[in-house]
Amino acid sequence: MNLMKTLLASSALTAAATVAFAQEMSNEMTIVSWGGAYQNSQLKAYVEPYVAMHPEVNVVWDESSNEAVAKLRAMNEAGNITWDLVDVVAADAIRLCDEGLAMEYDPDELLAPGDDGSSASDDFGDLIVSDCYIPQIVYSTTFGYRTDMVPEGVDAPSSICDVFDLETYPGKRSLEKRPINNMEWALLCDGVAKDEVYDVLATGEGQDQALAKLDTIKDSVVWWSAGADTPQLLADGEIFMGSTYNGRLYSVIEEQNQPVGMMWDAQVFDLDGWIIPAGLPDDKLARVKDFLKFATDTQRLADQAKYISYGPARASSAPKVPEDMKQHMPTDPANAANTFLYNYSFWADYRDDIDAKFQAWLAQ
């Protein structure tokens, strides 16, 4: 009888603690992402299902991921963190972690195990490139081009260096308004070997070499900041070719049925994922942790691939990707014949200095 009373009391305490924990979780969550087709894939794959399970939760979106580092620095300086969960590329996560602006975490404590029995740390593996980073997807930055604007008698562009060939392929290009990827492509097309690009780019002379190559097309470039810009410019026929994320091109080609082709040569692989801002209040942190355990599980990351052609970061999710999407993934063997591997550590170390030099060049 005493044992029964003890068990009942223990159960009551556990139930009370569970209720108390639930009550301590904030019902407001501000998620920072990139907008467009990618953000919609996040909405459909895990935000809407999570809110359906937790109708008390109100999710507010902020499309400021491309400014995440600068804005989190400013928030920290002001002592007012207004974001709860932030989607960033890997190099930015490394910078934020190094500066103490992102929270370190234990993958096997925060994230669900794989549904194949693997631990979270094994399932994500080497894609956890920082103690603060929770990877979601593998994507690439590559080029799309208007198939109806290819000059008569000329093959469609297939080499990254066709971007710099204004004689064979005249017309406007769009490039992202930042040095990353542009500097690497410029050096490749100026004769630098792929395995020497970052050694060259680490020097002032190498940076000048890349900018000089970009100078050859600068007058024909439309600069973009949002991932949706190039697909829209292509759809409107305002450019002949432009760089953007492969999933955005999938959307404009397959869903909008625009006369656009993909150029996979020298596509730059990268990671996208979450960081938790350092210093969140306990109620905010509890909600974020609850959401992340759900949103990054095996099925949810596979579900995201239904809506956009990015590869899930969990190994256990790959077999669950719909067959009709696999051919559109940057990791598909047919698309990955000549990839360029992005160096996260290099850009974490050199980003601020090269950014300043790049922006000064843009202003000239």
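What comes next concerns the included structure. Nothing here was measured: the structure is a model prediction, and the numbers come from that model. (Residues numbered from 1 in each chain as written. Predicted model: local features only at pLDDT ≥ 70, side-chain atom pairs only at ≥ 80, totals over all residues. Heavy atoms only, no water.)

1. Considering the overall build of the protein chain
The secondary structure content of the protein chain amounts to 15 helices and 10 strands. Over its C-alpha atoms the protein chain spans a radius of gyration of 23 Å, differing by no more than 12% from the 21 Å that the globule rule assigns to 364 residues. With respect to the three principal axes, the spread of C-alpha positions in the protein chain is 90 × 45 × 35 Å. Burial analysis of the protein chain (364 residues in total) assigns 53% to the buried set. Counted over contacts in the protein chain with a minimum sequence separation of 6, partners at least 24 positions apart contribute 75%. For the protein chain, the exposed area adds up to about 15800 Å²; of that, 49% sits on carbon and sulfur atoms. Here the protein chain contributes 25 positively and 59 negatively charged side chains, and the mean placements of these two sets differ by 4 Å. (Helix = DSSP H or I, 4+ residues; strand = E, 2+ residues; numbered from the N terminus. Rg over C-alpha atoms; globule rule 2.2 N^0.38 Å. Buried < 20%, exposed > 50% of the residue type's maximum accessible area, 1.4 Å probe, protein only. Contact = heavy atoms within 4.5 Å. Areas by Shrake-Rupley, 256 points an atom, 1.4 Å probe, with all protein chains shown as cover. Lys, Arg positive; Asp, Glu negative; His and termini not counted. Charge placed at Lys NZ, Arg CZ, Asp CG, Glu CD.)

2. With respect to unusual backbone geometry
Residues other than glycine seldom take positive phi values, yet Asn257 does so here, at roughly 55°. Locating Asn257 in the fold gives a position in the loop between helix H11 (246-255) and strand E8 (260-275). Look at Asn257 and you get exposed, because its relative accessible area is 67%. In this structure, Ala266 takes a positive phi of about 55° despite not being glycine. Positionally, Ala266 belongs in strand E8.

3. So, the side chain of Ser33
Along the polypeptide, Ser33 turns up in the loop between strand E1 (28-32) and helix H2 (36-53). Residue Ser33 is classed as buried on the basis of its relative accessible area, which comes to 0%. A polar contact is formed between the side chain of Ser33 and the side chain of Gln42, at a distance of 2.6 Å. Ser33 has contacts with Tyr38, Gln39, Gln42, Trp61, Asp62, Glu63, Ser64, Ser65 and Asp87, leaving out every residue within four places of it along the chain. (Polar contact = N/O pair within 3.5 Å; in protein donor to acceptor, adjacent residues only side chain to side chain.)

4. Section: the packing of helix H3 (residues 68-78) against helix H4 (residues 90-98)
At a minimum axis distance of 10 Å, the contact between H3 and H4 shows a crossing angle of 20°. Here H3 lies roughly parallel to H4, going by the angle between them. In the packing of H3 onto H4, the handedness of the crossing is right-handed. Facing Val69, Leu72 and Arg73 of H3, the residues of H4 in contact are Asp92, Arg95 and Leu96. Partitioning the contact of H3 with H4 into residue classes produces three nonpolar, no polar and three charged. (Axes fitted to C-alpha atoms, helices over the stretch in contact; angles between N-to-C directions. Parallel < 35°, antiparallel > 145°, perpendicular 65-115°, else oblique. Left-handed = near helix turned anticlockwise from the far one by under 90°. Nonpolar A, V, L, I, M, F, W, Y, C, P; charged D, E, K, R; others polar.)

5. Observations regarding the pattern of salt bridges
In total, this model carries 18 salt bridges according to the counting rule given. The residue Lys320 makes a salt bridge to Asp115 at a minimum N-O spacing of 3.3 Å. Here Asp115 lies in the loop between helix H5 (107-110) and helix H6 (120-124) and Lys320 lies in the loop between strand E9 (311-312) and helix H14 (323-326), a separation of 205 residues in the sequence. The salt bridge partner of Asp148 is Arg146, with a shortest N-O separation of 2.7 Å. Overall, the relative accessible area of 10% leaves Arg146 in the buried class. Put simply, Arg73, Asp92, Arg95, Glu99, Arg351, Asp352 and Asp355 are held in one network by salt bridges that share partners. (Salt bridge = Lys/Arg side-chain N within 4 Å of Asp/Glu carboxyl O.)

6. Re the environment of Phe346
By the element assignment, Phe346 lies in helix H15 (residues 344-363). Each C-alpha atom, one on Phe346 and one on Ala91, is 8.3 Å from the other, the two residues being 255 residues apart in sequence. For Phe346, the contacting residues outside a window of four places in its chain are Tyr198, Leu201, Ala202 and Ile354.

7. Notes on the packing of aromatic side chains
Evaluation of the coordinates by the stated rule reveals 18 aromatic pairs. Measuring from centroid to centroid gives 5.1 Å for Tyr198 and Phe346, while their planes differ by 50°, and the two rings are tilted. Taken together, the positions of Tyr198 in helix H8 (residues 197-201) and Phe346 in helix H15 put the pair 148 residues apart, joining distant regions of the chain. For the pair formed by Tyr198 and Phe346, the shared burial category is buried. Between the NZ or CZ atom of Lys218 and the centre of the ring of Trp361, over which it lies, the distance is 4.4 Å. (Phe/Tyr/Trp six-rings, centres within 6.5 Å; stacked < 30°, edge-to-face > 60°. Lys NZ or Arg CZ within 6 Å of the ring centre and 35° of its normal.)

8. Some details on the pairing of strand E5 (residues 173-176)
Of the two faces of E5, both are covered, the one formed by Arg173 and Leu175 as well as the one formed by Ser174 and Glu176. As defined by bridge partners, E5 adjoins strand E6 (residues 221-224) across four bridges and the pair is classed as parallel. Bridge pairing in E6 places Arg173 opposite Val221. As defined by bridge partners, E5 adjoins strand E7 (residues 241-245) across two bridges and the pair is classed as parallel. When the sheet's bridge partners are listed, Ser174 is paired in E7 with Gly242. (Pairing = 2+ DSSP bridges.)

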